[in-house]
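Structure at a glance
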Amino acid sequence: EDPFVGIVLVDAFDQDGDGRLSYAEAARLTINDAEKIDFSGLEGKSFEELRYFTEFWYLQSPSFAGSNIERVSFPNKLSGLGDGLFENCTELKEIELNCIKVGNHTFRGCTGLKNIRAEIYGKNAFDGCTALETVQQQYAGVPKQAFLNCMSLNSFEFRLKYVYDGYIGYE
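Describing the sheet that holds strand β3 (residues 71-73)
Taken in spatial order, the three strands line up as β1-β3-β5 in an open sheet, and their pairing is parallel. The sheet terminates laterally at β1 (46-47) and β5 (94-96), the two strands that pair on one side only. With three bridges connecting them, β3 and β5 associate as parallel partners. Across the sheet, the residue bridging to Ser73 is Glu96, located in β5.

Here it is in structure tokens:
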């Protein structure tokens, strides 16, 4: 729907040359295809269509770092987000994670993000997310400095699957 996202995706993946990216074309793309996309300069605000890329199970690329993205929806198979993927996306307010593993400084500096539900594995994952208020974490400990400088954080819930999962890193 977002014209800027459309331009990037059509240029990279329009296989039948019709000037559009169909659901079928998106569903065929693999994690290796994701490395061809760089959204760091993206002017668009939403990438809800990412959920149609059903073969993406981990994203290091495309990089959204520093973009003006506000909303993103991920495919159900997605199990992890790589280091720095959304770093300094200050407009990011909504993200549907479905308990995805979050890497090092994935959301660092996302000052508009208010709520999150994810498995946090990376240090500094939410460092500087000054608007972050609530966190729901499942089945993992809390890495060091995961919520450093999160001044609005007032609710943190995490459930343990195993007793040894219950570590909380410093700061």
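From this point on, the discussion continues.
A few points about the side chain of Asp127
When you line up the elements, Asp127 lands in the loop between β8 (119-120) and β9 (134-138). A distance of 3.2 Å separates a polar atom in the side chain of Asp127 from a polar atom in the side chain of Asn124. At a separation of 3.2 Å, a polar atom in the side chain of Asp127 contacts the side chain of Asn149.

Re the packing of aromatic side chains
If you walk through the whole model with that rule in mind, you get seven aromatic pairs. Relative to Phe126, the ring of Phe107 lies with its centre 5.2 Å away and its plane at 5 degrees, an arrangement referred to as stacked. Residue Phe107 is located in the loop between β6 (101-102) and β7 (115-117), and its partner Phe126 is located in the loop between β8 and β9; the two are separated by 19 residues in the primary sequence. Accessibility assignment for this pair places Phe107 and Phe126 in one class, buried.

A few points about unusual backbone geometry
Positive phi is not limited to glycine here, since Asn149 has a value of about 65 degrees. Secondary-structure assignment places Asn149 in the loop between β9 and β10 (155-159). Within the chain, Glu171 stands out as a residue other than glycine whose phi angle is a positive 50 degrees. For Glu171, the position within the fold is in the segment after β10.

Focus: the state of the cysteines
A full pass over the atoms with the stated rule returns zero disulfides. This cysteine, Cys150, is not joined by any disulfide, and Cys129 carries the nearest cysteine sulfur, 5.2 Å off. Overall, the relative accessible area of 10% leaves Cys150 in the buried class.

Describing the environment of Lys101
Inspection of the secondary structure puts Lys101 in strand β6. Classification of Lys101 by relative accessible area gives partly exposed; the value is 41%. Between the C-alpha atom of Lys101 and that of Ile120, which follows or precedes it by 19 residues, the distance is 5.6 Å. Apart from residues no more than four positions distant in its own chain, Lys101 is found in contact with Ser79, Gly80, Leu81, Glu119 and Tyr121.

Looking at the pattern of salt bridges
Under the defined criterion, the tally for this structure stands at four salt bridges. With its nearest N and O atoms 3.1 Å apart, the salt bridge here joins Lys77 to Glu55. Residue Lys77 is located in the loop between β3 and β4 (80-81), and its partner Glu55 is located in the loop between β1 and β2 (58-59); the two are separated by 22 residues in the primary sequence. Assessed through its relative accessible area of 34%, Glu55 is described here as partly exposed. As a salt-bridge pair, Lys93 and Glu91 come within 3.9 Å of each other at their nearest N and O atoms.

What counts and what doesn't
- Residues numbered from 1 in each chain as written.
- Predicted model: local features only at pLDDT ≥ 70, side-chain atom pairs only at ≥ 80, totals over all residues.
- Heavy atoms only, no water.
- Pairing = 2+ DSSP bridges.
- Helix = DSSP H or I, 4+ residues; strand = E, 2+ residues; numbered from the N terminus.
- Polar contact = N/O pair within 3.5 Å; in protein donor to acceptor, adjacent residues only side chain to side chain.
- Phe/Tyr/Trp six-rings, centres within 6.5 Å; stacked < 30°, edge-to-face > 60°.
- Buried < 20%, exposed > 50% of the residue type's maximum accessible area, 1.4 Å probe, protein only.
- Disulfide = S-S within 2.5 Å.
- Contact = heavy atoms within 4.5 Å.
- Salt bridge = Lys/Arg side-chain N within 4 Å of Asp/Glu carboxyl O.

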